[in-house]
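Listed below are the residues making up each chain.
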Amino acid sequence: MIEINNIHCLALNYNGVGNDNEPPLYFLKSKNCITRNHGIIPYPKFEVEQVWTEVELAIVVGKGNTIKGFMVAGDVTCGNVCDRDHHLPMSKARTGFCPLNSFTSIHDVDIDSEFTMTTHINGIETQRGTTHDMKYNIHQSLEYISKIIKLQEDDIILTGTPITPGGGPQYDCLVQPGDKIKHTIEGIGTLTYEFGL
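Just so it is clear, the model here is predicted, and its values are computed rather than measured.

Each value, and the rule that gives it
Residues numbered from 1 in each chain as written. Predicted model: local features only at pLDDT ≥ 70, side-chain atom pairs only at ≥ 80, totals over all residues. Heavy atoms only, no water. Helix = DSSP H or I, 4+ residues; strand = E, 2+ residues; numbered from the N terminus. Rg over C-alpha atoms; globule rule 2.2 N^0.38 Å. Buried < 20%, exposed > 50% of the residue type's maximum accessible area, 1.4 Å probe, protein only. Contact = heavy atoms within 4.5 Å. Phe/Tyr/Trp six-rings, centres within 6.5 Å; stacked < 30°, edge-to-face > 60°.

1. Topic: the overall build of the chain
Inference 1: From N to C terminus, the chain includes three helices and 14 strands.
Inference 2: By the compact-globule yardstick of 16 Å for 197 residues, the chain fits well, its C-alpha radius of gyration being 15 Å.
Inference 3: Expressed as lengths along the three principal axes of its C-alpha atoms, the size of the chain is roughly 40 × 35 × 30 Å.
Inference 4: In the chain, buried positions account for 51% of the 197 residues.
Inference 5: Look at the contacts in the chain between residues 6 or more apart in sequence, and 72% of them connect residues 24 or more apart.

Right, dumping it as structure tokens:
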């Protein structure tokens, strides 16, 4: 377990998600967004018609802009405000909307490998992709954000989520209160949580 400082987020950081020729979007989340492994995310009620969740890789920042390790994270989104929420917090930074599993040290990971990423909702696979499709890879994501804002040790960087060919959140990843979620990143770990009322 680490004491997280700041939560930096990239959106549209996978090929096939948005314009492949544009850099990812950058935004921040509050610590109030954190839901720990096996936790419960309160299902939002304010200006919400649909909610979906997908898997994403979180980088844990070390001293001097190094990579300390990784976590499995959930990318939770309110769909109906996404198109008009130009800075993304209304859609992606609500209470509990940053589920995270435990810390995995970089020394226990082959950082140059391709990580398979999956989401299961109520036991059904709804998403599968790999980090091979990242626009900005792990090192580039760290470098990109460090040019925007000074990073601190134990900051985390959420690196975005891959698209499932032929699918997407509007098809497969929608959630309701009571749904149980499992995100897995091969070589990093598994994150589980559920949505409460």
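What follows picks up the thread again.
2. Points about the side chain of T131
Inference 1: Along the polypeptide, T131 turns up in the loop between β10 (124-130) and α3 (138-148).
Inference 2: Discounting residues that sit within four places of it in the chain, T131 has contacts with Y14, L57, S113, E114, F115 and M117.

3. Thoughts on the packing of aromatic side chains
Inference 1: Counting across every chain of the model gives four aromatic pairs.
Inference 2: Consider the rings of Y43 and F195, whose centres lie 6.3 Å apart with planes at 75°: the pair is edge-to-face. In this pair, Y43 is assigned in the loop between β4 (39-42) and β5 (51-61) and F195 in strand β14 (residues 189-196), connecting sequence segments 152 residues apart. Here Y43 matches F195 in class, with each residue buried.
Inference 3: Seen from their ring centres, Y193 and F195 are 5.9 Å apart, and the 65° between their planes marks the pair as edge-to-face. In this structure, Y193 and F195 share a single accessibility class: buried.
Inference 4: Members of the aromatic cluster, connected to one another through ring pairs, are Y43, Y193 and F195.

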